Structure formats: structure tokens, C-alpha cells
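Descriptive structure summary
Single-letter residue listing:
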Amino acid sequence: MAETFDLIVIGTGSGGSAPAYRCRAAGWRVAVVDELPYGGTCALRGCDPKKVLVGAADLADWHRRMQGRGVSGDAHISWPELMQFKRTFTDPVPVDREKAFQKAGIATYHGPARFVSPERLSVDGQVLEARHFVIAAGAKPRRLGVPGEEHLITSTAFLELDQLPPRIAFVGAGYISFEFAHVARRAGAQASIVGRRRPLQHFEQDLVTRLVDYTQSLGIELRLDADVTTIEQRGAGYRLRANTQGRTETVDAGLVVHGGGRVPNTEALDLGAANIGNPAGRGRAGERVPPERVEPARLCGG
Ligand SMILES: Cc1cc2nc3c(=O)[nH]c(=O)nc-3n(C[C@H](O)[C@H](O)[C@H](O)COP(=O)(O)OP(=O)(O)OC[C@H]3O[C@@H](n4cnc5c(N)ncnc54)[C@H](O)[C@@H]3O)c2cc1C
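Quick caveat, the model's predicted, so the values are computed rather than measured. (Residues numbered from 1 in each chain as written. Predicted model: local features only at pLDDT ≥ 70, side-chain atom pairs only at ≥ 80, totals over all residues. Heavy atoms only, no water.)

1. Here's the deal with helix α1 (residues 14-25)
Residues separated by three or four positions in an α-helix point in the same direction, a consequence of the helix having 3.6 residues per turn. Along its twelve residues, α1 runs 17 Å from first to last C-alpha, staying within 8% of the 16 Å computed at 1.5 Å per residue. Residues of α1 that are buried: Gly16, Ser17, Pro19, Ala20 and Cys23. Tucked inside the fold, the buried residues of α1 contact β1 (3-10), β2 (30-34), α5 (93-103) and β6 (126-135). Looking one or two residues beyond α1, the residue adopting positive phi is Gly27, at roughly 95°. (Helix = DSSP H or I, 4+ residues; strand = E, 2+ residues; numbered from the N terminus. Expected span 1.5 Å × (residues − 1). Buried < 20%, exposed > 50% of the residue type's maximum accessible area, 1.4 Å probe, protein only. Contact = heavy atoms within 4.5 Å.)

Laid out in C-alpha cells, this is it:
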């Protein structure tokens, strides 16, 4: 017999936690499922750990700008120590989050979730059933489709680095590349951002222009209008080639970081089995509808 719930939430990040608690508070039988440690991207692999690093980078920047204005001496970022400090924020999260779900009366499951029918989910072989599901599975780095992309490290891996190599290249000119490049630069590394579109295109462009100028003034190299074509290993490092208006440019670095965009993390869920049009492209959106569609904000009378 499958364990039965009113609501099963896939994902324990910020997107999944809110409806889980809300529906539990409304008296529903609720379960959450995650294949990774509980807490999601923001708390474990995104906003929060990044803000610890950005905080140190900010301090180093202030210190540099205040030199000769009442502040003197050296402000040096020790990367290993900073990483240790970061872990004091992230390490307790999974256990704390799971305990909090359980205290609220929410059932907790671990493992990859996959639909086997519109009402049933398989979690690592165990079948769970529910009237409603919230899919809050987050995002993952998109495939770039260039030879050598297996050499890219993800933002998650960057946030776990024990040491920073002296030279780092970031592919993509979005906020992850910009923030990490600024942090890396303040920590003493050379950083290059290689992007094919307008930098930070979804942000306020007057501010972006000022940020781009400041970024360059720090010695961060910006290669824009540059379409990455290959990444190849060369000795202990990598060579990235990019096509810039017909010219081939190269960037050498000890690490190449993926900042080239993220896509919905729904592929493994087998949304087709739940009759949900698949945003990853395997079904036609809207072609088949689930038995009952409810906006998450309206679930359980919220
Ligand atoms: C480096 C970085 C920095 C960021 N900085 C900021 C910031 O400063 N400010 C900001 O607002 N946003 C920031 N973001 C974005 C923010 O982290 C996300 O928008 C947010 O975490 C999304 O929350 P979510 O709950 O939708 O998904 P997530 O937090 O990603 O949670 C999804 C969960 O679903 C689980 N899951 C996925 N598929 C399955 C499956 N098949 N079975 C079981 N479990 C599954 C995953 O393991 C994961 O734990 C950042 C992101 C990154 C990567």
C-alpha cells in the first residue's frame, strides 16, 4: 500500500518549504521529498554561502578604498578560513530543516522523486500517493553544448573550493559570474568573465554600466560579445576559446566556472507520467492537463 498524503512537495528549498508549512498548518497531511540534503539552493549552495563570501569581499574593498583616509595596513582574505566560516552557516542547515519539518508534523523523505502516475510518486523505489503535488525542484546549470564543457565547474563546486587558483575564468555574464569574479578578485585571483550577451541583461542598465566600469577598474577582465566555442585541458589548467565577431580569442585559467544560465531541474521527474506538459521539452506544454491544477499560492486556502 502506498503511503497517502494530501500534498507532497518535491524540493525542500524556499519554494517548497512555504506551501508545505502552510498546508500542514491548514490540517493537511503533508510530505516533503529531497534527493539532496534538506535546505535547497539558497541556504546551502546559493544566496547564503555566497553572501558570506561577498561580505568578506566587501570588507576588503572598503579597506582598500579607505587607505590613506584613516585606515592603514593589510586586509587579506584567507580563503580556507573564509570557507570554514561559511560552513558554520551551511553545515547545520540540513538537520535543522528536517527537524523543523518533523516538528510541524510534515513527513520527510530522502531520495530522487519520479512520477509513476498523476497521483503517485516513486521516491527511491518507495511509492507515495497524494491529491496534490508542488514541484519546487529548482534549477541546474544549462548545457552549453560546446566541446569540453565537462571541464566546467558549477557554482556549487566554486562555493566548496578549498583553494582559489591564481586565475579563474567565468563563462556567462550573469549575476553568478559577476558576484563570484568580484569575490575571487578581492581574494587575490585574476578573474575573466566571458559572455556572449549584454552583461546582467535582466538588471537595471544604468547600474549595470556603472558596475561594468567598476569591475574593469578592479582588473577583472570582461570579454563580451564572446561566444565560447571550446574548453580544453592544458596541463594543470584550461584554455577557453571564444568567437568574438569572427575572431577567435583565448583565455587561460586554472579553473573555468559555469555562470552561463540555469534551467528547470525537472528532467528526472518524468512529468509525462503525471500528464504534465514538460518544460524540459519532452512533452508539449498544455497538451495534457493534470487531473486538478491549483496555483501554489491558492493551495489549502492560502
Ligand atoms: C550561486 C547562486 C547564488 C544565488 N544568489 C541568490 C541571491 O543572492 N538572492 C536570491 O534571491 N537568489 C539567489 N539565487 C537563486 C536562489 O538560490 C533560487 O532562486 C532559490 O534557491 C530557488 O528555490 P527553490 O526552492 O525553487 O529551489 P531549490 O532551492 O533549488 O530547491 C530545489 C530542491 O529540489 C530538490 N530536487 C530536485 N529534483 C528532485 C527530484 N527529482 N527528487 C527529489 N528532490 C529533487 C533539489 O535537491 C533541491 O534541494 C542564487 C542561486 C545560485 C545558484
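Additional details are given in the paragraphs that follow.
2. Digging into the packing of aromatic side chains
The description of two aromatic rings rests on the distance between their centres and on the angle between their planes. The full count for this structure, using the stated rule, is nine aromatic pairs. When the ring centre of Trp28 is taken as reference, the NZ or CZ atom of Arg131 above it lies at 4.9 Å. (Phe/Tyr/Trp six-rings, centres within 6.5 Å; stacked < 30°, edge-to-face > 60°. Lys NZ or Arg CZ within 6 Å of the ring centre and 35° of its normal.)

3. Some details on unusual backbone geometry
Comment: phi is negative for the bulk of residues other than glycine, and the bulk of peptide bonds are trans. At Asp124, a residue that is not glycine, the phi angle is positive and equals roughly 50°. Tracing the backbone through its elements, the reader meets Asp124 in the loop between β5 (120-123) and β6.

4. A closer look at the state of the cysteines
The final tally for this structure, using the stated rule, is two disulfides. Disulfide partner of Cys23: Cys300, at an S-S distance of 2.1 Å. Between Cys23 and Cys300 the sulfur-sulfur dihedral comes to about -80°; the bridge is accordingly left-handed. Of this pair, Cys23 sits in helix α1 while Cys300 is found in the segment after β15 (262-264), placing the two residues 277 residues apart along the sequence. Of the two residues examined, Cys23 and Cys300, each falls in the buried class. Cys42 shares a disulfide with Cys47; S-S distance 2.1 Å. The chirality of the disulfide connecting Cys42 with Cys47 is left-handed, given an S-S dihedral of about -125°. According to the relative accessible area criterion, Cys42 is partly exposed, its value standing at 28%. (Disulfide = S-S within 2.5 Å.)

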